[in-house]
Amino acid sequence: EKSIIFKVTDTGGMSDEDTIKVTITPKALTCVIHDTTGINSNTIDIPVLLEGNPVGICAIDMVLTYNPAILTPTKATAGSIVPSDWLKEDTLYTTGKVKVALIGSGTGGTVISSAGELIVVSFTVNVSAKYNDTTTIHFQKLMFNDGKILVKTDDGLFTAKKGTYEISGGVKYYSNNILVSGAEMKLDYPTGFNIFTTLTDGNYAFTDMGNDSYTVT
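These numbers come from a predicted model, not from an experiment.

1. Notes on the sheet that holds strand β15 (residues 184-189)
So, step 1. Pairing is antiparallel across the open sheet formed by three strands, whose spatial order is β16-β15-β18. The open sheet is flanked by β16 (192-197) and β18 (215-216), the only strands paired with a single partner.
So, step 2. Across six bridges, the pairing between β15 and β16 is antiparallel. Looking at the pairing, Leu187 lines up with Asn194 of β16.

And the structure:
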């Protein structure tokens, strides 16, 4: 809250003044996690991005939540806008949560004063994640300087995608092991089925299949 004093003097030398109190609310910063995708067993890096015009950030306290059936966190690192002399005060992984606390000295060049990559959290996409399974990467908590700097958050959505898995083989006559071309192979899975006709060499291949349970007949 600031006080502004107005003083008015007329041509006769008479003057008067009044004080007006003005409350200035700073514009909140925004932290964003963009939507992303990943393949089973792969590692993905999810950056937390700071948008706006930060001034004097010297401490970060963040908690993210996610679905542990889909993702498993592996590490959290300071982003490119965090000064190199900052300390990682705490990183804690519990089921469904990642907590990261970073702190600087708050003097000289050790404050965050630009937008960009704040924190990068790495996850492994669980083998058990199904194709098109989703989980929100949610900001359960985000504070700058113990809450003294306003910040808004925008959650991100992770979606599990198909890998480059292949189910292949060949069809032969039982009696003489001669390869069979033109045989119709059916691949069943919980959400549907695919059909493949064996090639002239008797082989078949179902490609670009996601992590799931399959039956070939």
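2. Observations concerning the packing of aromatic side chains
Two measures describe an aromatic ring pair: the distance that separates the ring centres and the angle between the ring planes.
So, step 1. Under the criterion given, the structure shown has four aromatic pairs.
So, step 2. Residues Tyr66 and Phe123 carry aromatic rings whose centres are separated by 5.3 Å and whose planes lie at 70° to one another, so their mutual orientation is edge-to-face. On the criterion of sequence distance, the pair formed by Tyr66 in the loop between β6 (59-65) and β7 (71-78) and Phe123 in strand β10 (residues 116-125) is long-range, its members being 57 residues apart.
So, step 3. A relative accessible area of 0% places Phe123 in the buried class.
So, step 4. Ring centres of Phe196 and Phe206 lie 5.9 Å apart, and the angle between their planes is 65°; this geometry places the pair in the edge-to-face category. Highlighted residues: Phe196 in strand β16 and Phe206 in strand β17 (residues 203-209), separated in sequence by ten residues.
So, step 5. A connected cluster of aromatic rings, assembled from ring pairs, spans Phe196, Tyr204 and Phe206.
So, step 6. Here Lys186 stacks its cationic end above the ring of Phe193, 4.7 Å away from the centre of that ring.

3. Re the layout of surface pockets
So, step 1. Considering only enclosed or pocket space, the largest pocket measures out at about 170 Å³ in volume.
So, step 2. Taken together, eleven residues line the largest pocket, and the ones lying closest to its centre are Tyr131, Tyr189, Thr191, Asp212 and Tyr214.
So, step 3. Broken down by class, the residue content of the lining of the largest pocket amounts to five nonpolar, three polar and three charged.

4. Details of the pairing of β6
The side chains of a regular strand alternate, residue by residue, between the two faces of the sheet.
So, step 1. Most of β6 is tucked away, with seven of its seven residues classed as buried.
So, step 2. The alternating pattern of β6 places Ala59, Asp61, Val63 and Thr65 and Ile60, Met62 and Leu64 on opposite faces, both of which are buried.
So, step 3. Two elements, β6 and strand β9 (residues 97-103), share seven bridges in a ladder whose sense is antiparallel. Within β9, the residue paired with Leu64 across the bridge is Val98.

5. A short note on the sheet that holds strand β5 (residues 43-51)
Two strands in a sheet stick together by hydrogen bonds in their backbones, pointing the same way (parallel) or opposite ways (antiparallel).
So, step 1. Spatial strand order, β7-β10-β5-β3-β12: five strands in an open sheet with mixed pairing. Looking at which strands have only one partner, the edges of the open sheet turn out to be β7 and β12 (151-154). When strand polarity is set aside, the average angle formed by the axes of neighbouring strands in this sheet is 20°.
So, step 2. Examined bridge by bridge, β7 and β10 share seven bridges and lie antiparallel to one another. Considered in β10, the bridge of Leu71 is made with Val125.

6. A look at the environment of Phe193
So, step 1. On the secondary structure map, Phe193 appears in strand β16.
So, step 2. Residue Phe193 is classed as partly exposed on the basis of its relative accessible area of 48%.
So, step 3. With 114 residues separating them along the chain, Phe193 and Gly79 place their C-alpha atoms 44 Å apart.
So, step 4. Sequence-distant contacts of Phe193, defined by excluding residues within four places in its chain, comprise Lys186, Leu187 and Asp188.

Procedures and definitions
The residue numbers shown here count from 1 along each chain, following its written sequence. In keeping with the model being predicted, local features are shown solely for residues with a pLDDT of at least 70 and side-chain atom pairs are shown and tallied solely at 80 or more, while totals for entire chains, interfaces and linings include all residues. Side-chain calculation: all heavy atoms of the structure are included, whereas hydrogens and water are not. Two strands qualify as a pair provided that DSSP identifies no fewer than 2 bridges between them. Counting from the N terminus, the helices are the DSSP runs of H or I reaching at least four residues and the strands are the DSSP runs of E reaching at least two. Centres within 6.5 Å make a pair out of two Phe, Tyr or Trp rings, where for Trp the six-membered ring is used; the pair is then stacked when the planes are under 30 degrees apart, edge-to-face when over 60, and tilted otherwise. Exposure categories follow from relative accessible area, calculated using a 1.4 Å probe and restricted to protein chains: below 20% of the type maximum is buried, above 50% is exposed, and the middle band is partly exposed. Sitting over a ring, as applied to charges here, requires NZ of Lys or CZ of Arg to be within 6 Å of the ring centre and within 35 degrees of the ring normal. With a 1 Å grid spanning the protein atoms alone, the term cavity applies to any set of points in which a 1.4 Å probe fits but cannot get out, the term pocket to an open set with protein on both sides within 12 Å along at least five of seven lines, and the term lining residue to any residue with an atom within 4 Å of a point. Grid points are joined across faces, edges and corners, and a volume is the space filled by probe spheres set on the points. Each residue is assigned to one of three groups, with Ala, Val, Leu, Ile, Met, Phe, Trp, Tyr, Cys and Pro labelled nonpolar, Asp, Glu, Lys and Arg labelled charged, and all others, Gly among them, labelled polar. Lines fitted to the C-alpha atoms define the axes, with helices restricted to the stretch that makes contact. Angles between their N-to-C directions range from 0 to 180 degrees. We call two residues in contact whenever any of their non-hydrogen atoms come within 4.5 Å of each other.

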